[in-house]
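Secondary and tertiary structure notes
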Amino acid sequence: MDDHQQWRKRQRLLADFGEFALRNENLTDVLTEACRLVGDALGTHRAKVLEIEKRTQSLFVRAGVGWDAGIVGNLRLPMRELTSETFSIEAGVPVTSRDVRTEARFELPAFLKAAGVVALANVPIFLPGGRPYGLLQVDSRNPRDFSQDDVEFLRTYSTILGPVIDRLNKVRALREAEERFRVIVEAAHDYAIFTTDAVDRIIDWLPGAEAVFGWTAEEAKGRSANMLFTPEDRARGEDVKEIETARREGAAPNVRWHVHKDGSRVFIEGSVTSVRGPDGQVHGFLKIGQDVTERRRNEERIRESETRLRVVIEGIPQQVWQAALDGSWIWSSPQWSDFTSLPTERSVGFGWQDAVHPDDRPLALKAWSEAHEAGAFKTEYRIRHGHTDSYRWFAIRAAPVRNSAGEILSWLGTSTDIDTLRRMQQRQEVMVTELQHRTRNLIAVVQSIAGQTMSTSRTMERFQSQFNDRLAALARVQGLLSRSAQEPITIATLVRVALDALGAIDRTRVAISGPNVPLRNSSVQTLALALHELATNARKYGALAILTGRLDVIWQVRMLPSGRQLELVWIEHGRSPEQPDTQGEQTGGYGRRLIERALPYALSATTTFELRDTGVRCTISLPLDTTEAEQAP
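The text that follows walks through the structure, step by step, so that each part is easy to find. (Residues numbered from 1 in each chain as written. Predicted model: local features only at pLDDT ≥ 70, side-chain atom pairs only at ≥ 80, totals over all residues. Heavy atoms only, no water.)

**Examining the overall build of the protein chain**
Secondary structure assignment for the protein chain yields 19 helices and 21 strands. Expressed as a percentage of the 633 residues in the protein chain, the buried residues total 44%. For the protein chain, contacts bridging at least 24 residues in sequence account for 55% of all contacts bridging at least 6. Accessible surface computed for the protein chain: about 33,900 Å², of which carbon and sulfur atoms make up 52%. (Helix = DSSP H or I, 4+ residues; strand = E, 2+ residues; numbered from the N terminus. Buried < 20%, exposed > 50% of the residue type's maximum accessible area, 1.4 Å probe, protein only. Contact = heavy atoms within 4.5 Å. Areas by Shrake-Rupley, 256 points an atom, 1.4 Å probe, with all protein chains shown as cover.)

The structure is reproduced here in structure tokens:
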């Protein structure tokens, strides 16, 4: 074949390769065809393309023709300095060898020897920008001189291969990116993705947008994207503001409620990004948003629940707080700060102890050390009232907050003011003790009345009559004592009760006068019994037993060096002609002993009792407590 025919053949080969490369986007197919054509053109029918793998520093047999199975697409050659392949790539020049059996410059890879390669030509392939891609290698089983025309042809061929490989790599990367994008977009049903033109008309409506908003692509394309805005947002011009912001700044947030095809609302968290052309002008917009409707509604429900809980916590009278496992506080309610004057930031950790009475702090910490094992926290201690700097008793209760595994995460507790209740309990204990004391005393009094009455009674009938009268008097006194908490018992009350027990009497013959003097509860019982004895004997034997008799009961309060003194005078004008034979009988014996002996002993009183022909005169003088001051009559 003459040089002209060979030139034309190679030109046709280059044209055929160019047409094939334009029709095919598969790199392996294009490189394989390139090897076949170049092998035919040089008559070797054997060629290959070696691709550089930087990660492994090797040459990968990417494509080839005329090779046994297992070579193409599998074999990798280490890039050693002594091989012709590595030298050609690093030097950037073609390298040929007429007969490798006599070659002293380079080492021949073992697989080439096994394949019977004798002559070869290596031409480096460069991508646009001068980046090395690999090597085009033509192999011959016979010795051969590669002419300068052969080398120039191979250089031209590799120069064409570089841009083709680069284009196909980019096409492949683009296809892979598009595929990844397609998979992502089609799988992202919670994300509404669509594009609009420069005036915000919908161009592309991807599956996620249909899943989120309900409109199909056919229904959405060509419509204005403001169809997704709520009527109130459109009325405020939010749709226009969003697009203008994205046009001016490149992007705009899109976080708001939108309208679904069925009229319901969808909350979107997303953004709008402007799409610009090479001229810098906005050609359209890319809109991407996630459907977070359920999350948004859950957040609103949580906020509403938290608001309700806060209202409840802040409305109850207890102080509420949250503590960690060791008793250090995490949070406290306004009631705690209002009472203690300690703000939350000072109460967290163990700052809450500042409000606890110093004597009670060890008790509080001990309760916390036992809470985890007990599964509950329960104690009582005193908390300082910040405004008055006084302490009040509180009942402290806490319940564990557990996770799904039952582990305690924290404690939620309350502090309830029980100071009033505790004081009532203390008063109740005192009252019970006092009741027991009074009961024992009352029994002793009853026993004494019974004994004294029996000693002065000649018959059982007389005993029963006098004993019953005295028990009735005692009962009236107990009635007065039971009401002493509501109103104090005065000397006037005792005198009237003693006289009222006698039944109907002519009040014109009885004169009572004196200031309103409260008495000690401890003195009421004995004094009332003495007055009862005086009144009873006055009715039976004294001034009230005759029509012309009169009774004067007068008392006053005097100030002595020892304190206040109540002085009472009982004066009877007149006596019954049927008087007993002895003075002792007129007072029943018991009454006189009560006045002259019991009152001085029990009440530190000074008494006199005079039985005269004209009547009876009795005086009783007893000290008053300083707290039982005289009141105006």
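**Some words on the environment of L228**
Tracing the backbone shows L228 in the loop between α7 (217-220) and α8 (231-235). Take L228: its relative accessible area is 3%, and that puts it in the buried class. In this structure, the C-alpha to C-alpha distance between L228 and V266, residues 38 residues apart in sequence, is 9.4 Å. Not counting residues within four places of it along the chain, the set of residues in contact with L228 comprises F194, W205, F213, W215, H258 and V259.

**Overview of the side chain of R10**
As for its position among the elements, R10 is in helix α1 (residues 3-23). Other than its neighbours up to four places away in sequence, R10 contacts A41, L42, D149, D150 and F153.

**Observations concerning the side chain of T196**
On the secondary structure map, T196 appears in strand β7 (residues 191-197). T196 sits in the buried class, given a relative accessible area of 2%. Side-chain polar atoms of T196 contact the side chain of D200, separated by 3.0 Å. In this structure T196 touches R201, I202, I203, A225, H283, G284, F285 and K287, once residues within four positions along its chain are discounted. (Polar contact = N/O pair within 3.5 Å; in protein donor to acceptor, adjacent residues only side chain to side chain.)

**Looking at the pattern of salt bridges**
Applying the stated criterion to the full structure yields 42 salt bridges. Across the pair E232 and R265 runs a salt bridge whose closest N-O atoms are separated by 2.9 Å. On the criterion of sequence distance, the pair formed by E232 in helix α8 and R265 in strand β10 (residues 265-276) is long-range, its members being 33 residues apart. Linking D419 and R392 is a salt bridge whose minimum nitrogen-to-oxygen distance equals 3.7 Å. Taken as a pair, D419 in helix α14 (residues 419-456) and R392 in strand β15 (residues 390-402) lie far apart in primary sequence, 27 residues in all. Accessibility expressed as a relative area gives 2% for D419, which makes it buried. Judged by relative accessible area, which is 25%, R392 ranks as partly exposed. (Salt bridge = Lys/Arg side-chain N within 4 Å of Asp/Glu carboxyl O.)

**Brief notes about the nonpolar core**
One finds I491, L531, W555, L566, L568 and W570 to be the most contacted residues of the largest nonpolar core, which totals 41 residues. For this core, the secondary structure elements donating two or more residues are α16 (491-500), α17 (521-540), β18 (550-560), β19 (563-573), α19 (590-603), β20 (606-612) and β21 (615-623). By residue number, the principal contributor to this core is α17, which donates 9 residues. Those residues within four positions of L531 in sequence are excluded, and the remaining contacts are I491, L494, V495, A498, L568 and W570. Counting residues in each nonpolar core, the second largest holds 34 residues, with L13, L154, Y157 and L168 among its members. (Core = buried A, V, L, I, M, F, W, Y, C linked by side-chain atoms within 4.5 Å.)

**Regarding the packing of aromatic side chains**
Tallied over the entire structure, the rule returns 14 aromatic pairs. Aromatic pair W329 and W352: ring centres 5.6 Å apart, planes at 15 degrees, arrangement stacked. On the criterion of sequence distance, the pair formed by W329 in strand β13 (residues 329-332) and W352 in the loop between α12 (344-347) and α13 (361-374) is long-range, its members being 23 residues apart. Taken together, W321, W329, W336, W352, W368, F377 and W411 form an aromatic cluster joined through their ring pairs. In this structure, R422 packs its charged tip against the face of W393, placed 3.6 Å from the ring centre. (Phe/Tyr/Trp six-rings, centres within 6.5 Å; stacked < 30°, edge-to-face > 60°. Lys NZ or Arg CZ within 6 Å of the ring centre and 35° of its normal.)

**Considerations on unusual backbone geometry**
The backbone of Q57 shows a phi angle near 50 degrees, a positive value even though the residue is not glycine. Take Q57: it is sitting in the loop between β1 (47-53) and β2 (58-65). Backbone geometry places S604, a non-glycine residue, at a positive phi of 55 degrees. Note on placement: S604 falls in the loop between α19 and β20.

**Remarks on α13**
End to end, α13 covers 20 Å across 14 residues, agreeing with the expected 20 Å (1.5 Å per residue, within 8%). Contacts from the buried residues of α13 go to β12 (319-323), β14 (377-385) and β16 (408-417). (Expected span 1.5 Å × (residues − 1).)

**Focus on a nonpolar patch on the surface**
A cluster of nonpolar side chains, I330, W331, V401, L409 and L412, forms an exposed patch at the surface whose accessible area comes to about 420 Å². Elements supplying a minimum of two residues to the nonpolar patch: β13 and β16. Here W331 shows up in strand β13. (Patch = residues over 30% accessible without salt bridge, like charges linked within 9 Å, V, L, I, M, F, W, Y side chains within 5 Å.)

**Points about the sheet that holds β19**
As summarised here, the arrangement of the 5 strands in space is β17-β18-β19-β21-β20, forming an open sheet in which the pairing is mixed. Since the sheet does not close on itself, it has two edges, and those belong to β17 (510-513) and β20, each with one partner. Adjacent strand axes in the sheet meet at a mean angle of 10 degrees, parallel and antiparallel pairs treated alike. Here 11 bridges tie β18 to β19, and the two strands are oriented antiparallel to one another. Across the sheet, residue W555 finds its bridge partner in β19, namely L568. (Pairing = 2+ DSSP bridges. Axes fitted to C-alpha atoms, helices over the stretch in contact; angles between N-to-C directions.)

**Focus on the sheet that holds β2**
Ordered in space as β3-β2-β1-β6-β5-β4, the 6 strands form an open sheet in which the pairing is antiparallel. Edge strands, defined here as strands with exactly one partner in the open sheet, are β3 (76-78) and β4 (95-97). Each strand of the sheet is rotated relative to its neighbour by a mean of 25 degrees, with strand direction disregarded. Pairing geometry for strand β5 (residues 119-127) and strand β6 (residues 131-140), over 9 bridges, is antiparallel. Considered in β6, the bridge of N122 is made with Q137. Contacting β1, β2 and β6, helix α2 (residues 27-42) crosses the sheet at an angle of about 70 degrees to β2. Packing of helix α3 (residues 84-91) onto the sheet brings it into contact with β1, β2, β4, β5 and β6, and relative to β5 it is tilted by some 35 degrees.

**Comments concerning the packing of α16 against α17**
The description of two helices packed together rests on the angle between their axes and the distance between the axes. Here α16 crosses α17 at 40 degrees, and the two axes come no closer than 9 Å. One way to sum up the angle between α16 and α17 is to call them oblique. When the axes of α16 and α17 are compared, the crossing they make is right-handed. Contact with α16, carried on its side by I491, L494, V495, A498 and L499, involves V524, L527, A528, L531, H532 and A535 of α17 and no other residues of that element. (Parallel < 35°, antiparallel > 145°, perpendicular 65-115°, else oblique. Left-handed = near helix turned anticlockwise from the far one by under 90°.)

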